[in-house]
Amino acid sequence: MSTLAPPPSRDAVLEIRDLVKTFRRSSGLFGKKKAIHAVRGVSLDVRRGETLGIVGESGSGKSTMARMATRLHKPTEGSIFFNGRDLTSLRGSTLIEARRGMQMVFQDPLGCLDPRKPVISLVEEPLLVTGASKAERRRRVAEVLGAVGLDPAFYQRRAHELSGGQRQRVAIARAIALVPDLVVCDEPTSALDVTSQAHVLNLLLDMQSQNDLSMIFISHNLDVVRHMADRVAVMYRGQIVELAPADDLYERTTHPYTRCLISAIPIADPEAERARVPLSMKELAAEHPPLGSCPFDDRDCTPEEPYLHEVWPDHWVRCFPGLAHAAQQRPHRATPVSG
Ligand code: ADP
Ligand code: MG
């Protein structure tokens, strides 16, 4: 099948359609506004109980996409459905209420943990709206803090008195306190040392399976995403270029950008690592069919509007000759250029 977007699945908890975000930023002496096309038409769904990984280099639009999906940012275009409800234009208290079933965990939890409050109050906070009694709330706080491995010795500490890993545990406890349907984790371990990173990743995996959560897990690290996700979406310059079940993405990597990303992963075995050759889009462009001919033999697909093709079941790849050739002419840049 080929199309501009994969069709939504019936058991989606979150469905986003054709999301676009264009920022306008002043540039130069005269403050002329420049358009930054951060997200350029992303359609995705998150199925109930799955972890959807999103991977791509810095600047590819992952965070902007996640912030639109949770309606922290309003999309420039497109729509968002959460549990079947259209969140796209909701505002104020209606939006807060509709969004209660989704939570975000950020790279730096300090930004969202009030420095004046002790851990126990930080985790209790989301429960205040539920009408639960104080005793019930405290029971739930103890339960979730126990689940993330923080014992009562931590309850009265403030965020700045905790290590990065402990802070991220508090952020996760806070996120799951209300038993959300969807947790969106944006580079949750990028600021942590390797040991804390492994602990937090395993904790998220446990939480996800025990509570049957749906999760979006964002990282620039493909290895981490493979460990965490059931399906993976690869973002490049504000678009999804490949979307597939995690193992399939590695075993049948098709889009040149995904091949570049995978070739950049260091290999633990020293001999294999010595033989590893990182690829560039420029080199890959040379292998691809000429601009304008779709490698999937689809007549409707054009370089201006490259289609996503279902090349194996549930494995989607955006047509790439146009992109690969553009990368050959215009050196690859980390920030998206205007479409
Ligand atoms: P990622 O999370 O993949 O690193 P982002 O979504 O943070 O990417 O950024 C995508 C692009 O949008 C980048 O070029 C970034 O500079 C730009 N961008 C992100 N947020 C803003 C903002 N609030 N104002 C202007 N530009 C932004
Ligand atoms: Mg980001």
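The rules behind the values
Residues numbered from 1 in each chain as written. Chains lettered and ligands numbered in written order. Predicted model: local features only at pLDDT ≥ 70, side-chain atom pairs only at ≥ 80, totals over all residues. Heavy atoms only, no water. Phe/Tyr/Trp six-rings, centres within 6.5 Å; stacked < 30°, edge-to-face > 60°. Helix = DSSP H or I, 4+ residues; strand = E, 2+ residues; numbered from the N terminus. Buried < 20%, exposed > 50% of the residue type's maximum accessible area, 1.4 Å probe, protein only. Pairing = 2+ DSSP bridges. Contact = heavy atoms within 4.5 Å. Axes fitted to C-alpha atoms, helices over the stretch in contact; angles between N-to-C directions. Near = heavy atom within 4 Å. Polar contact = N/O pair within 3.5 Å; in protein donor to acceptor, adjacent residues only side chain to side chain. Areas by Shrake-Rupley, 256 points an atom, 1.4 Å probe, with all protein chains shown as cover. pLDDT = per-residue confidence, 0-100. Expected span 1.5 Å × (residues − 1). Arc of directions from axis to C-beta. Core = buried A, V, L, I, M, F, W, Y, C linked by side-chain atoms within 4.5 Å. Salt bridge = Lys/Arg side-chain N within 4 Å of Asp/Glu carboxyl O.

### Here we look at the packing of aromatic side chains
With the rule as written, the count across this model stands at two aromatic pairs. When the ring of Tyr 236 is compared with that of Tyr 257, the centres are 4.3 Å apart and the planes differ by 35 degrees; the resulting orientation is tilted. With a gap of 21 residues between them, Tyr 236 in strand β10 (residues 231-236) and Tyr 257 in helix α9 (residues 256-263) connect regions that are remote in the sequence. Residue class for Tyr 236 comes out buried when judged on its relative accessible area of 2%. In this structure Tyr 257 comes out as buried when scored by relative accessible area, which is 3%.

### Looking at the sheet that holds strand β8 (residues 182-186)
Read across the sheet, nine strands follow the order β1-β12-β13-β11-β10-β4-β9-β8-β7 without closing on themselves; strand pairing throughout is mixed. Among the strands making up the open sheet, the edge pair consists of β1 (2-3) and β7 (102-105). Note that strand β12 (residues 308-312) and strand β13 (residues 315-318) share four bridges and pair antiparallel. The residue of β13 that forms the bridge with Leu 308 is Arg 318. Lying on the sheet, helix α6 (residues 194-211) is in contact with β4 (51-55), β8 and β9 (214-219); it crosses β9 at an angle near 160 degrees.

### What about the site of ligand 1?
With respect to spatial proximity, 14 residues lie near ligand 1, and among them Gly 59, Gly 61, Lys 62, Ser 63 and Thr 64 are the closest. With respect to ligand 1, the side chain of Ser 63 contributes an N or O atom lying 2.8 Å from an oxygen atom. Within the side chain of Thr 64, a nitrogen or oxygen atom sits 2.5 Å from an oxygen atom of ligand 1. Within the complex, the protein chains bury 71% of what would otherwise be the 560 Å² of accessible surface of ligand 1. Of the residues forming the shell around ligand 1, the biggest block, three residues, is contributed by helix α1 (residues 62-69).

### A short note on the confidence of the model for the chain
With 96% of its residues at a pLDDT of 70 or more, the chain shows a mean pLDDT of 89. Note on residues 332-339: pLDDT is under 50 here. Beyond four places in sequence and across chains, it has 19 contacts.

### Let's talk about α6
Taking 1.5 Å per residue, 18 residues should reach 26 Å; α6 reaches 26 Å between its end C-alpha atoms and fits that length. Those residues of α6 that fall on the buried side of the exposure criterion are Ser 196, Val 200, Leu 201, Leu 203, Leu 204, Met 207 and Gln 208. Viewed end-on, α6 has its buried residues packed into an arc of 160 degrees, placing them on one side of the element. With respect to the buried face of α6, the exposed residues turned more than 90 degrees away are Val 194, Thr 195, Ser 209 and Gln 210. Taken together, the buried residues of α6 touch β4, α4 (134-147), α5 (164-176), β8, β9 and α7 (222-228). Between the side-chain oxygen at the start of α6 and the backbone nitrogen of Thr 195 there is a gap of 3.1 Å, and the oxygen is on Asp 193. Within two residues after α6, Asp 212 carries a phi angle of roughly 50 degrees, on the positive side.

### Some details on the sheet that holds strand β2 (residues 12-27)
A sheet is described by the order of its strands in space; here four strands give the open sequence β3-β2-β5-β6, paired in antiparallel fashion. The sheet is open, and its two borders are formed by β3 (32-47) and β6 (85-86), each paired with just one other strand. Contacts from α1 reach β2, β3 and β5 (77-82), with the element oriented near 120 degrees to β2.

### A short note on the environment of Val 225
Looking at where Val 225 falls in the secondary structure, it is placed in helix α7. Along the sequence, Val 225 and Ala 246 sit 21 residues apart, while their C-alpha atoms lie 8.3 Å from each other. Contact partners of Val 225, with chain neighbours within four places excluded, come to Gly 53, Ile 54, Val 55, Phe 217, Ser 219 and Val 232.

### Observations regarding the nonpolar core
Formed by 54 residues in total, the largest nonpolar core has its most connected members in Val 123, Leu 145, Val 148, Val 170, Ile 172, Leu 204 and Phe 217. Sequence-distant contacts of Phe 217, defined by excluding residues within four places in its chain, comprise Thr 51, Leu 52, Gly 53, Ile 54, Cys 185, Pro 188, Leu 201, Leu 204, Val 224, Val 225 and Met 228. Core analysis: the next-biggest nonpolar cluster, separate from the first, contains 33 residues, Val 39, Ile 80, Val 184 and Trp 316 among them.

### Digging into α5
For α5, which comprises 13 residues, the first-to-last C-alpha distance of 19 Å matches the rise-based estimate of 18 Å (1.5 Å per residue) to within 8%. Judged by how many residues are buried, α5 sits mostly within the fold: 11 of 13 residues are covered. Each element contacted by the buried residues of α5 is listed here: β7, α3 (119-124), α4 and α6.

### Some details on the pairing of β9
For β9, the buried fraction is high: six of the six residues fall into the buried class. Covered by surrounding structure in β9 are Ser 214, Ile 216 and Ile 218 together with Met 215, Phe 217 and Ser 219, the residues of both alternating faces. As paired elements, β4 and β9 share five bridges and run parallel to each other. Across the sheet, residue Thr 51 finds its bridge partner in β9, namely Met 215.

### Section: the pattern of salt bridges
The full count for this structure, using the stated rule, is 14 salt bridges. For Asp 314, the salt bridge identified is with Arg 47, shortest N-O distance 3.0 Å. On the criterion of sequence distance, the pair formed by Asp 314 in the loop between β12 and β13 and Arg 47 in strand β3 is long-range, its members being 267 residues apart. Bridged by salt links that share partners, the residues Asp 45, Glu 50 and Arg 231 form one connected network.

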